[in-house]
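Understanding the architecture of this molecule
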Amino acid sequence: LLNNSCGMQRAALMTSRAAVVAMPQQRSQQQQQCKIAPNVVIRRWKSFLHNNNSTQKLTTTTRTTATPRRSQAETLNARGSHSTFVAPSRLVCFSTTNRNQSEMAAKCLQLENINPNFITMEYAVRGPLVIRAGEIEKELEKGVKKPFDQVIRANIGDCHAMGQQPMTFLRQLLSLTFEPRLLDSSDYPSDVKERARAILNNCQGHSVGSYTDSAGLEVVRRQAADFIQKRDGGVASDWQNIYLTGGASPGIKSILQLIHCEVSGQQPGVMVPIPQYPLYSATIAEYGMRKVDYYLDEETGWSLSRTELQRAYDEAKKECNPRALVIINPGNPTGQVLTRDNIVEIIKFAHDNKLLLLADEVYQANVYDKNSKFYSFKRVMHEMGEPYASQELVSFLSVSKGFLGECGIRGGYMEVVNLCPKVKAMLTKSITAALCSTTAGQVAVSALVNPPQPGEPSYEVYEKEKNDTLSKLKERAELVHKTLSGFEGYSVNPVQGAMYVFPQIEIPPKAVEAAKAKGMAPDAFYAFELLETSGICIVPGSGFGQKPGTYHFRSTILPQTDKLKLMMEKFRVFHAEFMKKYK
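Now for a quick tour of the structure. The structure presented is a predicted model; accordingly, all values stated were derived computationally and were not measured.

**Regarding the state of the cysteines**
Evaluated as defined, the whole model comprises zero disulfides. Between Cys203, a free cysteine, and Cys436, which holds the nearest cysteine sulfur, the sulfur-to-sulfur gap is 9.8 Å.

Right, here's the structure in full:
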C-alpha cells in the first residue's frame, strides 16, 4: 500500500464510505452521519504501516505476530503527545487491527474535529519523562532489575511527596472544621478551636459541606486582606478584592480568560518570562492566545531589564495586541528574587504600555539568600505614588508552596487591584458559574493568612515547624548549588528563592547528534538518559523555554537532605559517565 498510491486512494475511499455511523433518530426522521475523509484515512494508514512494517511481517490475514511493546512515554516522546495514531502494543492479527481501525474511524470525535488548542497545548512538568518514571516505578515493583532501586522525583514542587511534614496547626484546623464534634476534645488548643468556630459560623448550616460564596468565605477573605495589609507595611487591602481559588492556577486561568478578547482585530498577547512556568504557555495555547516571550538575563542572576521587555513588546505588536505582563517572583524555574529597583522598572513599563500586571508571588516565603528580600508588587506600586499606584494588578498566593506545601488540598487566593468596577463585576460573574473553590482549600488559606500569634497556645510549635522547614530548604538550596557547580560543563546561578535550580549544561556535539537521531531535544535526551541510568526524574529546560543554543534542566530542592545527597552523588556519577561517553 505504501508503494501503491492509487491502491491506497481507492482503499481509503471505500473505507471512508463504509465508516458511517447511523445516529439515533432525534427530532427529524433523517439519519445523521459521521464520515471520515479519505485523506484522513490515508494519513492514519501511512502512520500505522510506517510504525509496524519494520517490526511486523504478516503473511496471511489470520497469522498472529508479536509487536514489541512500546511504552507510553516512548510513544509520546518519539511522536508527540498529540499523535494522530498510536501503534498497537499487544498481540494482534490483521483482521483485528483492521476492525479496530474501522471502529476508530467511526467515532464522531476525532483529532480533526476537536478544539485544536487542546492538541497544541503542552505541560512539560507532567510530560513524557514523568510518564516513563511512573512506568519504571511499576517495573521496580515487579522485580525488574535496574541499576537503581528507586525513582527520585525531582520534577515537580510536591513538598509532602518528597517527605516534608504537614504543619500541626493547619491539620488541626482542618480536623476541627471537618469534624466539629472534636471541638469538645481537650486534645486541641483553644486558639485552633476559636478559629474553627469562626469558620463554621460563616458556613451555611455550620458545615464545610455547604457551598460558600463564589469568591469564598467572607471570614477567610477578611483574614487574607489583613494578612496582605500587615505584609505590605500598612498598605490598605479591601477584602472584597480577594477571591479564594483552588490553588493559584485557577485564579491565573480566570484572569487570562478575562482578557481573551481581540482588540482592533488583533489576537490578545500575554508577555511571559523565559524560562517560564509551563502553566502559562499551556493556558495561553489552550485559549488560543499569543505567548510573547521576554528573556531573563542568566548572566546577571536571571534579572530582568526594561530594554528586553520593550524589545519583546515592540516585536509582538506586529502580530498581536499584548494585554498582560506575567512576573514570577521568586522565580520558577530560575529561583531568582527580584530587587526592588527591578520591580520599579517593571511597573513603569507596564504602566507606560497599558499592560495588566500578573504577579505570581506564590514563593514569597521562600527566600534563602541573605542579600535578597521579597517585595510585593502592590507595596512597591503604592510607594511609587501616582500614576503608578493606580496600575492594574492581580497577585496570586497559594498554600501549595511556602512552608505549608499543601499541594493536594488546592487552596489559594488572588487579589485584584485597581480593576474597573464593571470589569470586576464580569470577573465575579464568571467565577460564580464555577460555584466555589473547595472548603478544604479555603480552610488551608485561613491557616496561612491567620496563623497563631505570640502568646497563643499554638504559637511556639507553629514557629518551630515553620522555621525548621524553611531552614532545611535553605540548606538544600546551598547544597544543590554547591554540588552542581562542580560538574564539568555546568553553569549554575545561586538558588535565591523558590524551590528549584535551573542550571545551564554544555551537551557535547556527539550527544546532540544522538538526540537528533532519536528525534529528541538534546536536554530531553540528557534527562531520559539520567532517568534510565540513575532513576532521577528532572524536567528538560526546553519545557520551560530557553535561549536558542542553550540547554538547561529544572530540578527541585525538595528531597529530604539524606536523599538529596544520594541524588547528587548519583547525578555526579551519571554526568561523568555521560561526558565520557559522548565527549
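**With respect to helix α8 (residues 190-201)**
Over its 12 residues, α8 runs 16 Å from end to end, which matches the ideal 16 Å to within 8%, given 1.5 Å per residue. Taken together, the buried positions of α8 are occupied by Asp191, Val192, Lys193, Arg195, Ala196, Ile199 and Leu200.

**Side note on the pairing of strand β7 (residues 393-398)**
Summarising burial for β7: six of the six residues are buried, a large majority. Covered by surrounding structure in β7 are Leu393, Ser395 and Leu397 together with Val394, Phe396 and Ser398, the residues of both alternating faces. Pairing of strand β6 (residues 356-360) with β7 involves four bridges; the strand directions are parallel. Following the sheet pairing, Asp360 is matched in β7 by Phe396. Running through helix α14 (residues 377-384), the crossover from β6 to the neighbouring parallel element β7 is right-handed.

**Focus on unusual backbone geometry**
A cis geometry characterises the amide bond from Asn329 onward to Pro330, with omega recorded as -10°. Take Pro330: it is sitting in the loop between β5 (321-328) and α13 (340-352). For the bond running from Asn332 to Pro333, omega is 20°, close enough to zero to count as cis. Mapped onto the elements, Pro333 comes out in the loop between β5 and α13. At Ser264, a residue that is not glycine, the phi angle is positive and equals roughly 55°. Among the secondary structure elements, Ser264 is positioned in the loop between α10 (248-258) and β3 (268-274). Exposure remark for Ser264: the relative accessible area of 75% places this residue in the exposed category. At Asn418, a position not held by glycine, the phi torsion is positive, near 65°. A residue is classified by how much of its surface remains accessible, and Asn418, at 35% relative accessible area, is partly exposed.

**Examining the sheet that holds strand β14 (residues 553-556)**
Strand order in the open sheet formed by three strands is β10-β14-β13, and the pairing between neighbours is antiparallel. Where the open sheet ends on each side, the last strands, each with one partner, are β10 (500-501) and β13 (539-540). Pairing geometry for β10 and β14, over two bridges, is antiparallel. Across the sheet, Tyr500 pairs through a bridge with Thr556, a residue of β14.

**Comments concerning the environment of Tyr500**
Relative to the helices and strands, Tyr500 is located in strand β10. Residues Tyr500 and Gly331, spaced 169 residues apart in sequence, show a C-alpha to C-alpha distance of 8.7 Å. Excluding residues that lie within four positions of it along the chain, Tyr500 makes contacts with Gly157, Asn332, Pro333, Gly335, Tyr363, Lys401, Val495, Arg554, Ser555, Thr556 and Ile557.

How each quantity is defined
Residues numbered from 1 in each chain as written. Predicted model: local features only at pLDDT ≥ 70, side-chain atom pairs only at ≥ 80, totals over all residues. Heavy atoms only, no water. Disulfide = S-S within 2.5 Å. Helix = DSSP H or I, 4+ residues; strand = E, 2+ residues; numbered from the N terminus. Expected span 1.5 Å × (residues − 1). Buried < 20%, exposed > 50% of the residue type's maximum accessible area, 1.4 Å probe, protein only. Pairing = 2+ DSSP bridges. Right-handed = clockwise from strand over helix to strand, strands pointing away. Contact = heavy atoms within 4.5 Å.

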